[in-house]
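Residue strings, one per chain:
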Amino acid sequence: MIAGLETAFNYFINLGGAAMMFIILTILALAFGSSLSKALEGGLRMAIALTGMGAIISLLTEAFAPALNNFVESTGIALSITDLGWAPLAVITWGSIYTLYFAFICIVLNIVLLMLNKTETLNVDFFNIWNISILGLLTNYYSKSLVVTSLFVLFVYTMMLFNADTMKSSIDALLEYDEMNITTTAHPSFLIAPFAMVINRLIDKVFPSIDKYDFDADMLNDKIGFWGSKFAIGGYLGVFIGILGRYTLADIFSLAFMGGVCLELFAYVGSWFGPAIEPLSEGVQAVMGSRLRGKKLLIGIDWPIVASRAELWAVINILAPILLVIAMFLPGNKVMPLGGILLTVMVPALLIVTRGRVIRMTLIGTILIPIYLWSATLVAKFVTSASAAMGNLPKGLEEGQLFTSIDSNPIEKIMAIVLGEGYANFDIKLLAIALISLVAYVMIFKWYQKEMEKM
């Protein structure tokens, strides 16, 4: 019987990530009360979104990889790792059965913390569980221990929920919500906010009059117009990479057009993931709402809750070229920014911490960029090997070439690697660093909570 179950499990795994998630999401949505048509729609959307992302990743890689290789060979500047943005990580995680396990333990934790009145947030943003799953897969990759992995995942998820509570007043102020509004966000990318707050308070000490020079973000966005769009930024990247690769004018045009297409498609196909998870999210929210009557409840949704603020897009446009320049000269960085060039994994947290002050957001973002580049460099080996193991390796990569993602949770990813390697090798030095890092992380977070209460 065990052999039969193992055969059935292996057969299921070999269906591929898209087919697996179609089946699993459909069944889960039905289990939480969705109609058959809605459950099937959600499962199909997820399968199509995963397939579409895989196709765009391969398209971008096939187009840009040869030029980047020429650049490395001709200059010796070791930006040999291609950044493909958040999409590869989503494809890896949603193609892994571990993601459902991480989702399950996180949902249970959320319920327990609500019951114990330790948080007010019910996180229904289940699509972005992949951000937590990638931390879990990374920890497990190095530690080879599901216990250590589970504990780290639960720790990070706890901090996400506490942060969702902490940010609520700032979200209300920025979006002009009234006191009856129950909307917040528990997106993992906002966990950079405590460290952004440290820099924000240093700016208060060093440049106390800086806010006198701030400017109108709406006016800046109007002036930039099309030139700051995803199409245009993709085009700039294509021209930039083509020049670095010493391409002909015709090939530079081709890369520019391909860059514009891919950056726009990343955003478009990425928008399919949210609706795919909606039937399951609505079902869980309905079930939990009926169980938690009488308790104060905030609903945590995705980060675009703050996307209406003009300051967000102004700073994204300012930081994109700064990211490219820093990448070229940063010691220890081997990543060429492409898919993550817009830094939406960082800027929303800056908006929350500074209440939309553009100059502060730009300064803090510039200081934090190296952490994202170093983290992306460190996880490249894992991302590439995991993608290859699942049969999702982008086309166009040469043998041995790595790719990565400039994505959220750079500090948590570095901690996961240190913790995992320390545990696997019983390295006392690494374990001590991991422990000290976790303690410091919690202390900075507690200080940040107090600072947010003062705002």
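First, a word on what this report is: a plain description of the structure on this page. Keep in mind the model is a prediction, meaning the values are calculated, not measured. (Residues numbered from 1 in each chain as written. Predicted model: local features only at pLDDT ≥ 70, side-chain atom pairs only at ≥ 80, totals over all residues. Heavy atoms only, no water.)

**Digging into the environment of Glu264**
Then, number 1: As for its placement among the helices and strands, Glu264 is situated in helix H11 (residues 249–270).
Then, number 2: The class of Glu264 is partly exposed, set by a relative accessible area of 28%.
Then, number 3: Along the backbone, Glu264 and Gly234 are 30 residues apart, and their C-alpha atoms lie at a distance of 7.9 Å. (Helix = DSSP H or I, 4+ residues; strand = E, 2+ residues; numbered from the N terminus. Buried < 20%, exposed > 50% of the residue type's maximum accessible area, 1.4 Å probe, protein only.)

**A closer look at the environment of Thr26**
Then, number 1: Along the polypeptide, Thr26 turns up in helix H2 (residues 17–31).
Then, number 2: The exposure class of Thr26 is buried, given its relative accessible area of 8%.
Then, number 3: Taking the C-alpha atoms as reference points, Thr26 and Glu41, 15 residues apart in sequence, are found 8.0 Å from one another.
Then, number 4: In this structure the side chain of Thr26 is engaged in a polar contact, spanning 2.6 Å, whose partner is the backbone oxygen of Phe22. (Polar contact = N/O pair within 3.5 Å; in protein donor to acceptor, adjacent residues only side chain to side chain.)

**A closer look at the sheet that holds strand S6 (residues 403–404)**
Then, number 1: In space, the 3 strands of this open sheet follow the order S5-S1-S6, with parallel pairing throughout. Of all strands in the sheet, those bounded by a partner on one side alone are strand S5 (335–336) and S6.
Then, number 2: Bridge count for strand S1 (residues 81–83) against S6 is 2 bridges, and the pairing is parallel. Bridging from a neighbouring strand, Thr82 pairs with Phe403 of S6. (Pairing = 2+ DSSP bridges.)

**Comments concerning empty space enclosed by the protein**
Then, number 1: The full count for this structure, using the stated rule, is 2 cavities of 30 Å³ or more.
Then, number 2: In this model, the largest cavity occupies a volume close to 50 Å³.
Then, number 3: Taken together, Ala103, Cys106, Ile107, Asn123, Asp125, Phe126, Asn128, Ile129, Tyr157 and Met160 make up the full set of residues lining the largest cavity.
Then, number 4: At the level of secondary structure, the elements contributing two or more residues to the lining of the largest cavity comprise helix H5 (98–115) and helix H7 (146–175).
Then, number 5: The element contributing the most residues to the lining of the largest cavity is H5, with 3 residues. (1 Å grid on protein atoms, 1.4 Å probe; cavity = no way out; pocket = protein on both sides within 12 Å on 5 of 7 lines; lining within 4 Å. Points joined across faces, edges and corners; volume = space filled by probe spheres on them.)

**A closer look at the sheet that holds strand S4 (residues 298–301)**
Then, number 1: Ordered by their spatial adjacency, 3 strands build an open sheet running S2-S4-S3, and the pairing between neighbours is parallel. The open sheet has two edge strands, strand S2 (121–123) and strand S3 (183–185), and neither has a second partner. Across the sheet, the axes of successive neighbouring strands diverge by a mean angle of 40°, strand direction being ignored.
Then, number 2: In this structure, S3 lies alongside S4, joined through 3 bridges in parallel fashion. Among the inter-strand pairings, Thr185 is bridged to a residue of S4, identified as Ile301. (Axes fitted to C-alpha atoms, helices over the stretch in contact; angles between N-to-C directions.)

**Brief notes about the packing of aromatic side chains**
Then, number 1: This structure, assessed with the given rule, holds 8 aromatic pairs.
Then, number 2: Ring geometry for Phe195 and Tyr441: centres 5.8 Å apart, planes at 55°, overall tilted. Placement of the pair is Phe195 in helix H8 (residues 193–206) and Tyr441 in helix H17 (residues 428–454), with a sequence separation of 246 residues.
Then, number 3: Look at Tyr441 and you get buried, because its relative accessible area is 5%.
Then, number 4: Through a chain of ring-to-ring contacts, three or more aromatic side chains come together here, namely Tyr98, Tyr101 and Phe102.
Then, number 5: One Lys or Arg, Lys144, reaches over the ring of Tyr141 and ends 5.5 Å from the middle of that ring. (Phe/Tyr/Trp six-rings, centres within 6.5 Å; stacked < 30°, edge-to-face > 60°. Lys NZ or Arg CZ within 6 Å of the ring centre and 35° of its normal.)

**Quick look at the side chain of Ser408**
Then, number 1: Of note, Ser408 is situated in the loop between S6 and helix H16 (410–425).
Then, number 2: Since its relative accessible area comes to 1%, Ser408 is described here as buried.

**Quick word on the pattern of salt bridges**
Then, number 1: All told, the structure shown has 6 salt bridges when counted by the stated rule.
Then, number 2: When the shortest N-O distance is used, the salt bridge between Glu41 and Arg45 registers 3.2 Å. Here Arg45 and Glu41 lie together in helix H3 (residues 36–75), a separation of 4 residues that amounts to about one turn.
Then, number 3: For Lys454, the salt bridge is made with Glu451, and the minimal N-O distance between the two is 3.0 Å. In this pair, Lys454 and Glu451 are both assigned in helix H17, 3 residues apart and thus about one turn of the helix distant.
Then, number 4: For Glu451, a relative accessible area of 9% gives the class buried. (Salt bridge = Lys/Arg side-chain N within 4 Å of Asp/Glu carboxyl O.)

**What about the pairing of S4?**
Then, number 1: By the bridge criterion, 3 bridges tie S2 to S4 in an arrangement that is parallel. Paired with Thr121 across the strands is Leu298, a residue of S4.

**Some details on H7**
Then, number 1: Helix length check: H7 (30 residues) gives 40 Å between terminal C-alpha atoms against 44 Å at 1.5 Å per residue, within 8%.
Then, number 2: Of all the bends in H7, the largest measures some 40° and sits at Met167.
Then, number 3: Counting buried positions over the 30 residues of H7 gives 21, a clear majority of the element.
Then, number 4: Just downstream of H7, Glu176 is the residue with a positive phi angle, here 60°. (Expected span 1.5 Å × (residues − 1). Bend = angle between axes of the 7 residues up to and from the residue.)

**Things to note about the side chain of Thr404**
Then, number 1: With respect to the element layout, Thr404 can be found in strand S6.
Then, number 2: A distance of 2.6 Å separates a polar atom in the side chain of Thr404 from the backbone oxygen of Ala376.
Then, number 3: The residues touching Thr404, leaving out its near neighbours within four places in the chain, are Ile81, Thr82, Asp83, Leu84, Gly85, Val335, Ala376, Val379, Ala380 and Val383. (Contact = heavy atoms within 4.5 Å.)

**A look at the nonpolar core**
Then, number 1: Ile132 and Leu368 are the most contacted members of the largest nonpolar core, which totals 111 residues.
Then, number 2: Once you skip the residues sitting within four places of it in the chain, Ile132 turns out to touch Cys106, Val153, Val156, Tyr157, Met160 and Pro188.
Then, number 3: Counting 5 residues, the second-largest nonpolar core is a separate cluster that includes Leu114, Leu122, Val124 and Ile299. (Core = buried A, V, L, I, M, F, W, Y, C linked by side-chain atoms within 4.5 Å.)

**Thoughts on H5**
Then, number 1: Under the 1.5 Å per step criterion, the end-to-end length of H5 is 26 Å for 18 residues, consistent within 8% with the ideal 26 Å.
Then, number 2: Residues of H5 that are buried: Thr99, Phe102, Ala103, Ile105, Cys106, Leu109, Asn110, Leu113 and Leu114.
Then, number 3: Among the residues trailing H5, Asn117 stands out with phi positive, at a value near 60°.

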